[in-house]
Amino acid sequence: MSHTHADDAATDPTTQAVRDIADVAAVEVITAAAVHLMSAAAVKCGLAEDDAQGPGARHRDLDEARKLITALAALVVTSAPDIGNQHARSLRDGLRSLQLAFREASPFPDAPGEGPGETFTGPVS
């Protein structure tokens, strides 16, 4: 039994992924990306749950957290006009919480306006 080119296209994972993405609204893609950045930044700020292997703080890496928070800030600030106030407000709240957690976790906190993402958000206090 031979397969036709159309059969291959229907089962091709790339084709299916394109179809899946085509069905998703931009606001959902942006929000999902922001949530991934938030989750990663929270872990890198040392906010992971404690588990059988030890305290969540063992994952702290403030250099990595700074990069993630800055990327999140850029995404949130630049996409806010397009994603609507309801989505933007919750993302801004999460971003601010991470910026404050970063400041608290830092042995030498940045000057106001120089913390991660503050280029985009302004000083966070």
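Reading guide: rules and limits
- Here the residue numbering is sequential within each chain, running from 1 through the sequence in written order.
- Totals for whole chains, interfaces and linings use every residue, but because this is a predicted model, local features are given only for residues with pLDDT of at least 70 and side-chain atom pairs only at 80 or more, for both listing and counting.
- Side-chain calculation: all heavy atoms of the structure are included, whereas hydrogens and water are not.
- Helix numbers and strand numbers start at the N terminus; a helix is a DSSP run of H or I with at least 4 residues, a strand a run of E with at least 2.
- Helices are assigned an expected span. That span is 1.5 Å times one less than the residue count.
- Accessibility here uses a 1.4 Å probe with only protein chains present; expressed as a share of the type maximum, an area under 20% marks a residue as buried, one over 50% as exposed, and anything in between as partly exposed.
- What the arc describes is the spread of directions from the helix axis to the C-beta atoms.
- Any two residues having at least one pair of non-hydrogen atoms within 4.5 Å are treated as being in contact.
- For the purposes of this section, nonpolar cores are sets of buried Ala, Val, Leu, Ile, Met, Phe, Trp, Tyr and Cys residues that join through side-chain atoms within 4.5 Å.
- Here an axis means a line fitted to C-alpha atoms, over the contact stretch when the element is a helix, while the angle between two N-to-C directions is reported on a 0 to 180 degree scale.
- When describing relative orientation, an angle under 35 degrees is termed roughly parallel and one over 145 degrees roughly antiparallel, while 65 to 115 degrees is termed roughly perpendicular and anything else oblique.
- The crossing is said to be left-handed when, going from far helix to near helix, the turn is anticlockwise and less than a right angle, and right-handed when the turn is clockwise.
- Every case where a carboxyl oxygen of Asp or Glu lies within 4 Å of a side-chain nitrogen of Lys or Arg is listed as a salt bridge.
- For the purposes of these results, a polar contact is taken to be a pair of N or O atoms within 3.5 Å, where, inside protein, one atom must be able to donate a hydrogen and its partner to accept one; residues adjacent in sequence count only when each atom of the pair is a side-chain atom.

Under the 1.5 Å per step criterion, the end-to-end length of helix H3 (residues 26–44) is 27 Å for 19 residues, consistent within 8% with the ideal 27 Å. Residues Ala 34, Leu 37, Met 38 and Ala 41 constitute the buried set of H3. Looking down the long axis of H3, one finds its buried residues gathered within 105 degrees of arc, a one-sided arrangement. Along H3, the residues that are exposed and aim more than 90 degrees away from the buried face are Glu 28 and His 36. Turning to H3, the residues buried within the fold contact helix H4 (62–83) and helix H5 (85–105). Looking at the residues trailing H3, positive phi occurs at Gly 46, about 90 degrees.

Right, let's talk about the nonpolar core for a bit. One finds Ile 69, Leu 72, Leu 91, Leu 95, Leu 98 and Phe 102 to be the most contacted residues of the largest nonpolar core, which totals 19 residues. Elements supplying a minimum of two residues to this core: H3, H4 and H5.

When two helices pack together, their arrangement is given by the angle between their axes and by how far apart the axes lie. Across the interface, H4 lies against H5 with an axial gap of 10 Å and an inter-helix angle of 160 degrees. Between H4 and H5, the interaxial angle falls into the category roughly antiparallel. Like other packed secondary-structure pairs, H4 and H5 cross with a definite hand, here left-handed. Where H4 approaches H5, its residues Leu 62, Ala 65, Arg 66, Ile 69, Leu 72, Ala 73, Val 76, Ala 80 and Ile 83 are matched on the opposing element by His 87, Ala 88, Leu 91, Arg 92, Leu 95, Leu 98, Gln 99, Phe 102 and Ala 105.

Let us look at the pattern of salt bridges. Tallied over the entire structure, the rule returns four salt bridges. One salt bridge connects Lys 67 with Glu 64, and the closest N-O pair in it is separated by 3.6 Å. Note that Lys 67 and Glu 64 are positioned in helix H4 at a spacing of three residues, about one turn of the helix. In this structure Glu 64 comes out as partly exposed when scored by relative accessible area, which is 30%. Here the salt bridges share partners, and the residues they tie into one network are Asp 63, Glu 64 and Lys 67.

Viewed as axis vectors pointing N to C, H3 and H4 meet at an angle of 155 degrees, and their least axial separation amounts to 9 Å. Judged by the inter-axis angle, H3 sits roughly antiparallel to H4. Judged by the sense of rotation from one axis to the other, the crossing of H3 with H4 is left-handed. Mapping the contact onto sequence places Val 27, Ile 30, Ala 33, Ala 34, Leu 37, Met 38, Ala 40, Ala 41 and Lys 44 in H3 and Leu 62, Glu 64, Ala 65, Leu 68, Ile 69, Ala 71, Leu 72, Leu 75, Ser 79 and Ile 83 in H4.

Attention now moves to the environment of Thr 78. Here Thr 78 is to be found in helix H4. Sequence separation between Thr 78 and Phe 120 is 42 residues; the distance between their C-alpha atoms is 8.6 Å.

Turning next to the side chain of Ser 106. Tracing the backbone through its elements, the reader meets Ser 106 in the loop between H5 and helix H6 (118–121). A distance of 2.8 Å separates a polar side-chain atom of Ser 106 from the backbone oxygen of Phe 102.

Relative to the elements of secondary structure, Gln 99 occurs in helix H5. Within the structure, Gln 99 has its side chain in polar contact with the side chain of Thr 121 (distance 3.2 Å). When neighbours within four sequence positions are excluded, Gln 99 is seen to be in contact with Ile 69, Pro 116, Gly 117, Glu 118, Thr 121 and Val 124.

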